[in-house]
Every structure is written in structure tokens, then in C-alpha cells.
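Read off the chains here:
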There are 2 protein chains.
Amino acid sequence: MNVTNLLTNENKYNLLAGRVPLLLNRYLGQQFKNEGINLSREQWSILAILYHTDGVSQQFLAEATSRDKPSVTRLVDNLEKLGFVERRNHKTDRRLNLIFLTDSGKEMQDPILNVVSKTIEKATKGLTEEQIVIIRDAFQIVYDNIK
Amino acid sequence: MNVTNLLTNENKYNLLAGRVPLLLNRYLGQQFKNEGINLSREQWSILAILYHTDGVSQQFLAEATSRDKPSVTRLVDNLEKLGFVERRNHKTDRRLNLIFLTDSGKEMQDPILNVVSKTIEKATKGLTEEQIVIIRDAFQIVYDNIK
DNA sequence: TAATTATAGTTGTTTAAACAACTACAAAGT
DNA sequence: ACTTTGTAGTTGTTTAAACAACTATAATTA
């Protein structure tokens, strides 16, 4: 294929980190609110890990979400205030907090996934699986380049 | 092509608005800092518009960067404090601020574009133009779906 | 012309990201 | 055992995003 210099570096930057992620995050936040779910998109990213693996350390959450430790400390603070998670001490290693879903947090799983599914289905309407797979592979390359 | 359900909706969400944009933005901020450029990535997004079209309204900047008006007010505040832009009154419509680059702001253009180019070249090393074009078209679809 | 509506921008508040500096604890090396 | 190094988490500060509420001005329309 012979595609020559269609995008400047600035265009590429905007493509990879520009308005689409910004809009999608904003849009998800609005959908949560519309459905009466009192949750930020960032808080959801933490809950999403816990729905997969409950009872992990903050360090694990930081790595899994590519955030730094202070960011996770505050997200967990706020999720704890909302009553969705709780910190428990590790049995033997007193440095670790293990983060567990509360019953209330577990009850949120279905409603949250519902909103996320509707949101992403609307957002990706018209995209082929082929496009999505290409994006996935391309983003993996970018991730490896700068991680 | 027959690719069946490779990604869940949650995976798709993370793909479009997840860690890659987060990491790329963080990485660009670090590169600016390394090069002694006292500028946030968000401030750069405003300067980038002005390097293309100097002397536009804050409303224009808001639409061009998909930010809301308060966000632009504060970005312009901070760029003004840094001495890179100035607000001027519109001749006839007293509601409008027109935002102009200062000499100091204009002097930043080359150093900034240098950092952005290096950053994006490192980040996209190994991507084909074909992949980038597919991402561009796919993101346009997503943008139209949720804008 | 006066009232209404729309547009441009600002301010207040909450939540989050990034980074530096810090405390507490565990593990390794001597 | 003691010191050093590494790991886990917190706190302080600055910058930004989102949203609501607000002021000022312009455009519309009754």
C-alpha cells in the first residue's frame, strides 16, 4: 500500500491522545449520571479491576490502571467514602492494604456494566471488528514504545 | 474477514479511552519538562490552534479543542501568566476576547514542535501509515457517534 | 423601543492527574 | 543484630476537567 505522509506528527498526536478519549470519558460520566449511578469514570476503572480480581493491593491497582500510587490512594479514598470498597490489612505484610468490594460495591456491578455496554455500543456503532483489532494491535505497539 | 467477538465492551472502552492516551499525555508532559519547556500538554493544545490561526475567540478555542468554556478560561489564564498569549478586546463585539500569541509565545513554536515531533515519532515507531489511517477513520466514526 | 433569547466569558466547587516528599515496614547484605 | 535498600502507601501542591450558576453583551422579536 502506498500512503504517503497523510498525517503530520501533530495530527497523529491528536489522534492518539486527543479529543476522542476526552469525549468518550466525558460521555461515560454523563451516562452514569443519567442512570443515577454516582460514580466517576476513573472510579469505575478501579471497580472494574476488583470485579475481575477482588482483594488486591493499591500497588496492583496502580499498575493495572497505569496510574501512580497517589492517584490510587485518592480513588480508593473516594470509593471508600461511597461505601463501594474497603481497605483491609494484609495478614502478614503490614505495608499492604488489600482492597475489597463491599456488598454495596458488588451490587453495582450489573448496573455499571449495563451502562458501559450501552455507551461503548453507541460509541463504536459502525466500526468493524477488523478495525478494532487493528487499533488494538497498533495501540499495543504505542504502549510498548512509551511505557 | 471472520473475527468473532475478540473484545468485550469493557476492553473496547479501555482501548479507546484507556491507558494509551493517559500514558502519551504524561509522556509528552515529561518531554516538555526534560527540554526545559514550562508548558502542560493541555496548554500546548491551545497554542497549537494559535500557531495555525492567531487571534481567535475563547469560544473558538473551546470548540477546536473539545473543551468547555471554563476549561479554556483557565488555560488562557495560565498561558497569560506564562506570558505566551494575551487577551485583546474585539473591536465591535464587547463580549469577545481574542487570544493572540505574544512574541514570547511565538518564539516557543519551534522548540515545542520539536518536542512534539520527537515524542510522537518515538511513540508511533513501528506503526504503518495504513494502521494510522485506519485509526483515523475509525476514530472519526466514534467521534461522530458521540459528539 | 422594550422584552426576550442567545452568545461569550467568568467564578465556585468537586474530582482527578502528576510529581515531590514523606512515613512505615520488609527484605537483603554485612 | 545492624545497616542499607526496596516496597507500599499517604500527604501537599499545582494544573486541569466537568458541571452549575453567574454577569455582560448582542441579536431577535413582539
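Because the structure is predicted, anything quoted here is derived from the model rather than measured. (Residues numbered from 1 in each chain as written. Chains lettered and ligands numbered in written order. Predicted model: local features only at pLDDT ≥ 70, side-chain atom pairs only at ≥ 80, totals over all residues. Heavy atoms only, no water.)

Looking now at the pattern of salt bridges. According to the stated counting rule, one finds 16 salt bridges over all chains in the structure shown. Among the salt bridges present, the one from B:Lys12 reaches A:Glu129, with a minimum N-O distance of 3.6 Å. Of the two residues, B:Lys12 is situated in helix α1 (residues 9-17) and A:Glu129 in helix α8 (residues 129-146); the pairing between them involves two chains. For B:Arg87, the salt bridge is made with B:Glu80, and the minimal N-O distance between the two is 2.8 Å. In this structure B:Arg87 comes out as partly exposed when scored by relative accessible area, which is 24%. Residues joined by salt bridges that share partners form a network here, namely A:Asp77, A:Glu80 and A:Arg87. (Salt bridge = Lys/Arg side-chain N within 4 Å of Asp/Glu carboxyl O. Helix = DSSP H or I, 4+ residues; strand = E, 2+ residues; numbered from the N terminus. Buried < 20%, exposed > 50% of the residue type's maximum accessible area, 1.4 Å probe, protein only.)

The backbone phi angle of A:Ser66 is positive, close to 55°, even though this residue is not glycine. Along the chain, A:Ser66 turns up in the loop between α4 (58-65) and α5 (69-81).

Adjacent strands of a sheet form backbone hydrogen bonds with each other and so pair up, either parallel or antiparallel. All names here are of chain B. Taken in spatial order, the 3 strands of this open sheet run β1-β3-β2, and their pairing is antiparallel. The sheet is open, and its two edges are formed by β1 (56-57) and β2 (85-89), each paired on a single side. Pairing geometry for β2 and strand β3 (residues 97-101), over 5 bridges, is antiparallel. Each residue of the ladder has a partner; that of Arg-88, found in β3, is Leu-98. Set on the sheet, helix α3 (residues 41-52) makes contact with β1, β2 and β3; between it and β3 the angle comes to about 85°. Contacts from helix α5 (residues 69-81) reach β2 and β3 within the one sheet, and its direction differs from that of β2 by about 115°. (Pairing = 2+ DSSP bridges. Contact = heavy atoms within 4.5 Å. Axes fitted to C-alpha atoms, helices over the stretch in contact; angles between N-to-C directions.)

Residue and element names in this part refer to chain A. What the domain assignment reports for chain A is domain 1 (7-37 + 108-147) and domain 2 (40-105). Distance between the C-alpha centres of domain 1 and domain 2: 23 Å. At the junction of the two partners, domain 1 supplies 9 residues and domain 2 supplies 9 residues. At the boundary of domain 1 with domain 2, total buried surface from both sides reaches about 770 Å², with 71% on carbon and sulfur atoms. On the domain 1 side of the interface with domain 2, the three residues burying the most area are Met-108, Gln-109 and Ile-112, jointly 50% of the side's total. Summed over the shared surface of domain 1 and domain 2, the number is 0 salt bridges. Connecting domain 1 to domain 2 are 4 residue pairs in polar contact (both at pLDDT 80 or more). Those elements that place two or more of their residues in the side of domain 1 that touches domain 2 are α2 (19-34) and α7 (109-123). When the residues that make up the side of domain 1 that touches domain 2 are grouped by side-chain class, the tally is 6 nonpolar, 2 polar and 1 charged. (Domains from an automatic or database assignment. Buried area = accessible area lost by both parts, 1.4 Å probe. Polar contact = N/O pair within 3.5 Å; in protein donor to acceptor, adjacent residues only side chain to side chain. Nonpolar A, V, L, I, M, F, W, Y, C, P; charged D, E, K, R; others polar.)

Before going further, it helps to examine the protein's contact with DNA strand D. Around DNA strand D sit 29 residues, and of these A:Gln59, A:Arg74, B:Ser40, B:Arg67 and B:Asn78 come closest. Per the 4 Å cut-off to the protein, sugar and phosphate atoms form 62% of the nearby atoms of DNA strand D. Between a phosphate oxygen of DNA strand D and a side-chain N or O atom of B:Ser40, the distance comes to 2.3 Å. The set of elements that each furnish at least two residues to the surface near DNA strand D consists of α2, α4 and α5 of chain A together with α3 and α5 of chain B. A per-element tally of the surface near DNA strand D places α5(B) first, with 5 residues. Class assignment of the residues belonging to the surface near DNA strand D gives a composition of 5 nonpolar, 11 polar and 13 charged. (Near = heavy atom within 4 Å.)

A word on the UniProt feature "domain: HTH marR-type" (unreviewed entry) in chain A. With numbering matched to this structure, UniProt assigns "domain: HTH marR-type" (unreviewed entry) to residues 10-144 of chain A. Helix makes up 69% of residues 10-144 of chain A and strand 9%. Its end C-alpha atoms lie 20 Å apart. (UniProt positions renumbered as here; feature names shortened; annotations may be inferred.)

Our next topic: α1(B). For α1(B), the set of buried residues is B:Asn9, B:Lys12, B:Tyr13, B:Leu15, B:Leu16 and B:Ala17. One side of α1(B) holds all its buried residues, which, seen down the axis, span an arc of 160°. Of the surrounding secondary structure, the elements contacted by the buried residues of α1(B) are α2, α3 (41-52), α7 and α8 of chain A together with α2 (19-34) and α8 (129-146) of chain B. (Arc of directions from axis to C-beta.)

Accessible area lost during the coming together of the parts is what is often quoted as the interface size. Each side of the interface is counted separately: chain B has 53 residues, and chain A has 53 residues. Carbon and sulfur atoms supply 70% of the area that chain B and chain A bury against each other, a total of about 5800 Å² over both sides. Linking chain B to chain A there are 2 salt bridges. Our count for the contact surface shared by chain B and chain A stands at 15 residue pairs in polar contact (both at pLDDT 80 or more). Mapped by element, the contributors of at least two residues to the side of chain B that touches chain A are α1, α2, α3, α7 (109-123) and α8 of chain B. Here the side of chain B that touches chain A takes 16 residues from α8(B), the largest share from any one element. Here the side of chain B that touches chain A is composed, by residue class, of 31 nonpolar, 11 polar and 11 charged.

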